[in-house]
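# Coordinates in review
Okay, here's what each chain looks like letter by letter:
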Amino acid sequence: GTADQLRSQLLPGRSRQRGVVTRLAQSIVTIELPLPPSVNKAFASAGNTHLVRRTESYRFWQRQVRDEHGAGATLPVLAPGEYGLLIELPGAMRGDSDNRTKLLSDILKPKTKEAHGLGIVRDDKLMRPHYVDFDDALPAGRVRLRIVTLVWWRPYLMSYLEGWA
């Protein structure tokens, strides 16, 4: 199917929590975010221990995401189950693309007392395949995420690779 057909595959109804209608559940969620720092700049060792702490760069990026999207309450949620993640980075980005994947995956899950989260996915452990690409049309400092339920992953990725999505 085409990207339009895939995008139209919304689950009926909305996500429910304790009988209250909350956020729209979709099979495909697309979102743009500020580009996170690399994992190397996001975490630092805490003194002479094996403990790791979040750096100011990481906390600043979380604040940027929160400023743009709040707690994610107006964003759709992904339908339950396993999913794939398509990450589009700006073409002019320097550094390793895989250094950005972890922070982007983490920000999609619900907020915890330790970290901001958008609650688009229930658990990032459900992410199976992921694909990273570069888009010269993306402004520097921005990233586009396409979160796709596993049942739609292969056709969506093929559509994306063929230039339809």
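In this report, we go over the structure that sits alongside the text. (Residues numbered from 1 in each chain as written. Predicted model: local features only at pLDDT ≥ 70, side-chain atom pairs only at ≥ 80, totals over all residues. Heavy atoms only, no water.)

When you go through the protein chain residue by residue, the secondary structure sums to 5 helices and 10 strands. Residues classed as buried in the protein chain amount to 43% of the 165 residues present. Of the roughly 9400 Å² of accessible surface on the protein chain, a fraction of 51% belongs to carbon and sulfur atoms. (Helix = DSSP H or I, 4+ residues; strand = E, 2+ residues; numbered from the N terminus. Buried < 20%, exposed > 50% of the residue type's maximum accessible area, 1.4 Å probe, protein only. Areas by Shrake-Rupley, 256 points an atom, 1.4 Å probe, with all protein chains shown as cover.)

Scanning the model with the defined rule gives 2 aromatic pairs in all. With a centroid separation of 6.3 Å and 70° between ring planes, the pair formed by Tyr 131 and Tyr 160 is classed as edge-to-face. Here Tyr 131 is found in strand E9 (residues 127–135), whereas its partner Tyr 160 is found in helix H5 (residues 150–161), with 29 residues between them in sequence. Judged by relative accessible area, which is 11%, Tyr 160 ranks as buried. (Phe/Tyr/Trp six-rings, centres within 6.5 Å; stacked < 30°, edge-to-face > 60°.)

In this section: the pattern of salt bridges. Under the definition given, this model contains 12 salt bridges. As a salt-bridge pair, Arg 63 and Glu 56 come within 2.6 Å of each other at their nearest N and O atoms. In this structure Arg 63 comes out as partly exposed when scored by relative accessible area, which is 32%. For Glu 56, a relative accessible area of 40% translates into the label partly exposed. Note that Glu 88 is salt-bridged to Arg 146, the shortest N-O span being 2.8 Å. Of this pair, Glu 88 sits in strand E8 (residues 83–90) while Arg 146 is found in strand E10 (residues 142–149), placing the two residues 58 residues apart along the sequence. Three or more residues are tied together by salt bridges with common partners; here these are Glu 32, Glu 88, Asp 135, Arg 144 and Arg 146. (Salt bridge = Lys/Arg side-chain N within 4 Å of Asp/Glu carboxyl O.)

Tracing the chain through its elements places Leu 89 in strand E8. Taking the C-alpha atoms as reference points, Leu 89 and Arg 100, 11 residues apart in sequence, are found 9.0 Å from one another. Look past the residues within four positions of Leu 89 in its chain and what remains in contact with it is Leu 35, Ser 97, Arg 100, Val 132, Asp 133, Phe 134, Asp 135, Leu 138 and Val 143. (Contact = heavy atoms within 4.5 Å.)

Time to look at the sheet that holds strand E4 (residues 28–34). With mixed pairing, 4 strands are arranged side by side in an open sheet as E4-E10-E8-E9. Here the strands that pair on one side only, and so sit at the sheet edges, are E4 and E9. Averaged over all neighbouring strand pairs, the angle between strand axes comes to 20°, with direction disregarded. Pairing analysis gives 6 bridges linking E8 to E10, with the strands arranged antiparallel. In the strand pairing of E10, Leu 86 is matched with Arg 146. Along the sheet, helix H4 (residues 98–107) contacts E4, E8, E9 and E10; its crossing angle with E8, the most-contacted strand, is approximately 125°. (Pairing = 2+ DSSP bridges. Axes fitted to C-alpha atoms, helices over the stretch in contact; angles between N-to-C directions.)

The next point concerns the packing of helix H3 (residues 56–69) against H4. Contact geometry of H3 with H4 gives a least axis separation of 12 Å together with a crossing angle of 45°. Viewed along their axes, H3 and H4 adopt a mutual orientation that is oblique. Pair H3 / H4 crosses with right-handed handedness. Counted together, Tyr 58, Trp 61, Gln 62 and Val 65 of H3 and Leu 103, Leu 104 and Ile 107 of H4 form the full contact between these two elements. Considering only residue class, the contact of H3 with H4 consists of 6 nonpolar, 1 polar and no charged. (Parallel < 35°, antiparallel > 145°, perpendicular 65-115°, else oblique. Left-handed = near helix turned anticlockwise from the far one by under 90°. Nonpolar A, V, L, I, M, F, W, Y, C, P; charged D, E, K, R; others polar.)

Note that every value here comes from positions in space, so none of it alone points to a role or purpose.
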